[in-house]
Amino acid sequence: MTDGTRPDGLHPDTSGDGVQERGTRGGRHAVVIGGGLAGITAALALADAGVRVTLLEGRPRLGGLAFSFQRGELTVDNGQHVYLRCCTAYRWFLDRIEGTALAPLQDRLDVPVLDVTKPEGRRLGRLRRDALPVPLHLGRSLATYPHLSLAERAKVGRAALALKGLDLADPALDAQDFGSWLTAHGQSARAVEALWDLVGVATLNAVAGDASLGLAAMVFKTGLLSDPGAADIGWARVPLGELHDRLARKALDSAGVRTEVRTRVTSISYDENGTWSVQVPGETLRADAVVLAVPQREAHGLLPDGALDAPEHLLEIGTAPILNVHVVYDRTVLARPFFTALGTPVQWVFDRTEASGLREGQYLALSQSAAQDEIEEPVAVLRERYLPELERLLPGARGAEVRDFFVTRERTATFAPTPGVGRLRPGARTKAPGLYLAGAWTATGWPATMESAVRSGVSAADAALNALGRPRPRHLFDFEEAA
Ligand SMILES: Cc1cc2nc3c(=O)[nH]c(=O)nc-3n(C[C@H](O)[C@H](O)[C@H](O)COP(=O)(O)OP(=O)(O)OC[C@H]3O[C@@H](n4cnc5c(N)ncnc54)[C@H](O)[C@@H]3O)c2cc1C
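Residues numbered from 1 in each chain as written. Predicted model: local features only at pLDDT ≥ 70, side-chain atom pairs only at ≥ 80, totals over all residues. Heavy atoms only, no water.

Colleague: Please explain the sheet that holds strand E1 (residues 29-33) as it appears in this structure.
Modeller: The pairing of strands in a sheet happens through backbone hydrogen bonds and is either parallel or antiparallel. With respect to topology, 5 strands assemble into an open sheet ordered E9-E2-E1-E13-E19, the strand pairing being parallel. At either margin of the open sheet sits one strand with a lone partner, and together these are strand E9 (258-260) and strand E19 (435-437). Pairs of neighbouring strands in the sheet enclose a mean axial angle of 15°, with direction left out of account. Here strand E13 (residues 289-292) pairs with E19 via 3 bridges, running parallel. Note on E19: the bridge partner recorded for Val-290 is Leu-435. (Pairing = 2+ DSSP bridges. Helix = DSSP H or I, 4+ residues; strand = E, 2+ residues; numbered from the N terminus. Axes fitted to C-alpha atoms, helices over the stretch in contact; angles between N-to-C directions.)

Colleague: What's the story with the packing of helix H1 (residues 37-48) against helix H14 (residues 450-468) in this structure? I'm lost.
Modeller: Each packed pair of helices is defined by two parameters, the angle between the axes and the distance between the axes. Interaxial distance between H1 and H14 falls to 7 Å at its minimum, and their mutual angle equals 35°. For the crossing formed where H1 meets H14, the hand is right-handed. Here Leu-37, Ala-38, Thr-41, Ala-42, Ala-45 and Leu-46 of H1 lie close against H14, whose contacting residues are Met-450, Ala-453, Val-454, Ser-456, Gly-457, Val-458, Ala-461, Ala-464 and Leu-465. Grouping the amino acids of the contact of H1 with H14 by side-chain chemistry returns 12 nonpolar, 3 polar and no charged. (Left-handed = near helix turned anticlockwise from the far one by under 90°. Contact = heavy atoms within 4.5 Å. Nonpolar A, V, L, I, M, F, W, Y, C, P; charged D, E, K, R; others polar.)

Colleague: I keep staring at the pairing of strand E3 (residues 68-71) and nothing clicks. Help me out?
Modeller: It is a general feature of regular strands that their side chains alternate between the two faces of the sheet. Relative to strand E4 (residues 74-77), E3 is paired through 4 bridges, and the arrangement is antiparallel. Looking across to E4, one finds that Gln-70 is bridged to Thr-75.

Colleague: When you look at the side chain of Asp-115 in this model, what are you seeing that I'm missing?
Modeller: Mapped onto the fold, Asp-115 is located in strand E6 (residues 110-115). Within polar-contact distance, the side chain of Asp-115 engages the side chain of Thr-117 at 2.3 Å. Separated by 2.9 Å, the side chains of Asp-115 and Arg-190 make a polar contact. Setting aside anything within four residues of it in sequence, one finds Asp-115 in contact with Gly-121, Arg-122, Arg-123, His-147, Arg-190, Leu-342 and Gly-343. (Polar contact = N/O pair within 3.5 Å; in protein donor to acceptor, adjacent residues only side chain to side chain.)

Colleague: Mind showing me how you'd approach the site of the ligand here?
Modeller: The environment of the ligand is formed by 33 residues, the closest being Glu-57, Leu-65, His-81, Ala-440 and Met-450. Val-82 has a polar backbone atom sitting 2.8 Å from a nitrogen atom of the ligand. The contact in question runs from an oxygen atom of the ligand to an N or O atom on the backbone of Ala-440, over 2.8 Å. For the ligand, whose accessible area on its own is 1,000 Å², the fraction buried by protein is 94%. Residue assignment for the shell around the ligand shows that the elements contributing at least two residues are H1, helix H10 (296-302), strand E18 (402-415) and H14. Partitioned by chemical class, the residues of the shell around the ligand number 17 nonpolar, 11 polar and 5 charged. (Near = heavy atom within 4 Å. Areas by Shrake-Rupley, 256 points an atom, 1.4 Å probe, with all protein chains shown as cover.)

Next comes the structure, spelled out in C-alpha cells:
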C-alpha cells in the first residue's frame, strides 16, 4: 500500500473523499478482516460461491496464530500444531488448499507415554487403538496401560462411559468444571494426570480443574468415543507457513480473492445506502458484507455500536498461553516422531528436524500448554529446567551437544476454556445486517483449535451467503458428514 498500484487492483484514493467504489459496482463484494484460518476459510468459501472477496490482514503473512518464521537455517513454527481425524473441517481446509499430503494422519492412534515418576527408571506406555468398534477400540490399550493401577483403569472405563452419556446440548455442562466431574466419577489424581490431563491439557489448553465440562466432554466424546479412528493424530511435515501462508495464498489467488497483507483495518461502519465502509490507512473500501475474523479483543474494538447485545462479553473471554521450547542437538537423540511424558514438566515433544530444514543433528520442539506459570520465565531459567529433563527422558541426549536453545511464547494462544465461557461466545451472525463474526473463539462448540477456526469461517460465510441471496455451494459444506 505504499506505491500507486495495489496488487488487488484497488488504487489509492484520488477522488478526495477517500472512498473506493469497488463494492458498489457489479457483483456483490465481501471484505474479510483477518487472515488467520477463520478468515482464509471465510474468504475461500465466499469466493467459491461467486462473491467478489477482499481479504485484509494486518501482518505481513497469512496464518494468524499458526505460522512459521526463519531462524538462521531453521524454519521454525511458533508452536507445534496437531489435529485429529475427527477434525473434519480442518481436513476439508487442507484439501481445499491442496495440503493434505503435507500434514498426514497416523494410520492408527499411537501415543508413546514415557513415565519418569519413579526414581528406578523410565517406563514406556502407549495409548493405542484397535480396529474394533467404539468403545472397544481403546479397551486393550486401557487394559494394558502401565501408568495406572488395575482399579484406576476400571474406573477410567466407567467414567468414559458416563462421559459418553452426557448430552452436549445441555447448557448446564458448561457451568461445571471437568476436574470436579472427574473426582465425582471416581478418578484419582494419578488418573487425571496420567490420562485425562494428558489429552485434555493439549487439546483444551487447561487442566481439568480449570476447564468447562461442556468443552471437555465435547473433546473426549468426539475424539475418543465417536468413531474408532477419530483420535488418530495428524501434523504438518512441513513448516506451518507452507500450509497456512504459501498454499493458502495460492488457493485464494486461484479463487480470485484479493489478498492484502500489512493492511490493518482501523474501523468499520454501516452506510445509509446499506453497504459497509471498511477503513484501512489511506483509504476506505465499500462492501456488501463484512466478516470480522480477528481475535475477540480486536473484534470488540472494531464492532459498531449495537452489533451485539452484550459486546462486553468479548472482553470477559479469558486467554491462555502456550510455550514452545526448541532444542537443536548435534545428533539424533529421539527415534520417534513424538512422545508425551509423565513425572516431568515436559509435556509433548516432537521431532521437527526434517520440517525445519535442519541438515545435521536433531531439532526437538516441546509444546507446553496451560503455561501460565512459566510463560514469562527467562530463557536461561527454562534452559536450566528443560535440558536436564530431556536428559532424564532421552538417554541419547546425555552426551549430546546443544547447538541451539530458544523459546517461543504465545501469551494469548487460545481462549481460556473456563466454566461459563460458552455463554460468552457469540455466533456468526450479529445484529448489524451484513456483518458476521468468525474466529476460533466464536460459538462453534469446539475449544480454540484450527478446527474451530475453520468451522467459524464456514459458518460466517454461510450466513453471509444467505443474506447476499447466494446459493450455498454444496461441496463447501459437506465436511461435517465426511468420515
Ligand atoms: C502455540 C500454539 C499452539 C497451538 N496448538 C494447536 C494445536 O495443536 N491444534 C489446534 O487445532 N490448534 C492449536 N492452536 C490454536 C490455533 O492456532 C488457533 O485456534 C487458530 O489458528 C485461530 O485461528 P483464527 O483465524 O481464529 O485466529 P487468528 O489466528 O488469531 O487470526 C486472526 C488474524 O486477524 C489479524 N488481525 C487482527 N486485527 C486485525 C485488523 N484490525 N486488521 C487486519 N487483520 C487483523 C491477525 O493479525 C491474525 O492474523 C495453537 C495455538 C498456538 C498459539
